[in-house]
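One letter stands for each residue in the lines below.
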Amino acid sequence: MAIQQSIGSVDKAVLALQRLSAAGPDGRPLNRLAADLGINKASLHHTLSVLRRRGFVEQNSNGNYRLGNAALSLAEPYLHDDSVRQMHGALKHLSRTVNEICRLGILVGEEIVCVEKTVPKSPINTWSTVGFRDPALTTALGRAIVSRTYVDFQSFSQAFPTPILHRTSNTLSTLKEIWLELVAARKRGFAREIDEFVVGSSCLSVAVLRQHKPIAAICITCPTETLSTQREQSLLRSLHEDMAPLLPHGLSLQMPVESTPAAHSVASRVGAFAGR
């Protein structure tokens, strides 16, 4: 009897996840989800509560249930095939060349996930480890990917509704500030994060592209005090000259792109707003 109940609970969880997957980012309210599945509302609520604690389900501002980051992350390694994992050798070569910590990250929902990290012989202290997650908009890794994913402020702001944690006095913590940085990153071909996560530590990042679509990003982390204009140019040159030839077939690195009219228009309006 206990086995049958266990199977029933698993069935409910799977059915709920499947239905929420079809519902998309808007999700479903509890009563509608229960009616769709033909499951008792109280019983379904218990199942959703368990899934929510594990991160497989979350609730949006309207109280609707939708898939959580844990569910979305299950498919990431499969969807990104072996290309991301094949970049380990290239990342290690880059770290040795620049003598700095280098990381590889992928975007999962609103978070950046560190999937590879290489460390030189004498690294500075760093906050990230493989598997570490952080809000994408606070990191150079995340910004590099997002700058090549969204070209208008409306779709960008809808994709990142979660308030940004103000980690240091340098943290860009509003969507308007970050959008200006994303437009600049797209135009110059790389993203920056200067003293925003940890004072004294800065990052430069470029997106890894497949047919112009970002699938990951590469980041070099170094002490802020060493990041002069000349050093920044040297690191970016090494990234492109030393690592690009070692990427798996079909992948390329982010390059400068002129801002689209929509991005330029919104950036101008945001800039005017910030200057008031």
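Residues numbered from 1 in each chain as written. Predicted model: local features only at pLDDT ≥ 70, side-chain atom pairs only at ≥ 80, totals over all residues. Heavy atoms only, no water.

Chemist: Sorry, what's going on with the nonpolar core here?
Modeler: Nonpolar side chains in soluble globular proteins tend to end up buried together. In terms of nonpolar packing, the biggest core is built from 28 residues, with Leu 94, Val 208 and Ile 218 touching the most fellow members. Within the residue set of this core, elements represented by two or more residues are helix H5 (88-98), strand S3 (101-108), strand S7 (201-210), strand S8 (213-223), helix H9 (229-243) and strand S9 (251-253). Of the residues forming this core, the biggest block, five residues, is contributed by S8. Excluding residues that lie within four positions of it along the chain, Val 208 makes contacts with Met 87, Lys 213, Pro 214, Ile 215, Ala 216, Ala 217, Ile 218, Leu 251, Ser 252 and Leu 253. Core analysis: the next-biggest nonpolar cluster, separate from the first, contains 23 residues, Leu 137, Ala 144, Ala 185 and Cys 219 among them. (Core = buried A, V, L, I, M, F, W, Y, C linked by side-chain atoms within 4.5 Å. Buried < 20%, exposed > 50% of the residue type's maximum accessible area, 1.4 Å probe, protein only. Helix = DSSP H or I, 4+ residues; strand = E, 2+ residues; numbered from the N terminus. Contact = heavy atoms within 4.5 Å.)

Chemist: For this particular structure, what's the right way to read the environment of Ile 218?
Modeler: When you line up the elements, Ile 218 lands in strand S8. The class for Ile 218 is buried, based on a relative accessible area of 0%. A sequence separation of 11 residues divides Ile 218 from Ala 207, and the C-alpha atoms of the two residues are 6.3 Å apart.

Chemist: What should I look at first to understand the confidence of the model for the chain in this one?
Modeler: Do not read the predicted coordinates in detail wherever pLDDT is low. In this model, the chain carries an average pLDDT of 83, and 83% of its residues clear a pLDDT of 70 or more. Contacts of residues 1-7 to residues separated by more than four positions or lying in other chains number zero contacts, the stretch itself having pLDDT below 50. Throughout residues 261-276 the model reports pLDDT below 50, and contacts reaching past four residues in sequence, or to other chains, amount to 16 contacts. (pLDDT = per-residue confidence, 0-100.)

Chemist: Before we go on, may I ask you to explain the pattern of salt bridges in this structure?
Modeler: For side chains bearing opposite charge, pairing can occur when the charged atoms are close. If you walk through the whole model with that rule in mind, you get eight salt bridges. Linking Asp 36 and Arg 28 is a salt bridge whose minimum nitrogen-to-oxygen distance equals 3.8 Å. In this structure, the salt-bridge partner of Glu 58 is Arg 66, at a minimum N-O distance of 2.8 Å. For Arg 66, a relative accessible area of 19% corresponds to the buried category. (Salt bridge = Lys/Arg side-chain N within 4 Å of Asp/Glu carboxyl O.)

Chemist: Would you take a moment to explain the packing of helix H2 (residues 30-37) against helix H3 (residues 41-53) for this structure?
Modeler: When two helices pack together, their arrangement is given by the angle between their axes and by how far apart the axes lie. It is the contact of H2 with H3, at a shortest axis distance of 9 Å, that shows an interaxial angle of 110 degrees. Between H2 and H3, the angle falls in the class roughly perpendicular. Between H2, through Leu 30, Asn 31, Leu 33, Ala 34 and Leu 37, and H3, the contact on the second element is made entirely by Lys 41, Leu 44, His 45 and Leu 48. The residue inventory of the contact of H2 with H3, partitioned by class, reads six nonpolar, two polar and one charged. (Axes fitted to C-alpha atoms, helices over the stretch in contact; angles between N-to-C directions. Parallel < 35°, antiparallel > 145°, perpendicular 65-115°, else oblique. Nonpolar A, V, L, I, M, F, W, Y, C, P; charged D, E, K, R; others polar.)

Chemist: I'm lost on the side chain of Asn 60 in this one. Help?
Modeler: Mapping Asn 60 onto the fold places it in the loop between strand S1 (57-59) and strand S2 (65-67). Among the polar contacts listed, one links the side chain of Asn 60 to the backbone nitrogen of Asn 62, at a separation of 2.9 Å. (Polar contact = N/O pair within 3.5 Å; in protein donor to acceptor, adjacent residues only side chain to side chain.)

Chemist: Any chance you could explain the state of the cysteines here in plain terms?
Modeler: Think of a disulfide as a covalent bridge from one cysteine sulfur atom to another cysteine sulfur atom. The final tally for this structure, using the stated rule, is zero disulfides. There is no disulfide at Cys 219, and the cysteine sulfur nearest it, in Cys 203, is 3.8 Å away. (Disulfide = S-S within 2.5 Å.)

Chemist: Can you help me understand the packing of aromatic side chains in this one?
Modeler: What the rule picks out here adds up to six aromatic pairs. A centroid spacing of 6.0 Å and a plane angle of 55 degrees characterise the contact between Phe 153 and Phe 156, whose relative ring orientation is tilted. Placement of both Phe 153 and Phe 156 in helix H7 (residues 153-159) is noted, with a separation of three residues, approximately one turn of the helix. An aromatic cluster of three or more residues is present, and its members are Tyr 150, Phe 153, Phe 156, Phe 160 and Trp 179. (Phe/Tyr/Trp six-rings, centres within 6.5 Å; stacked < 30°, edge-to-face > 60°.)

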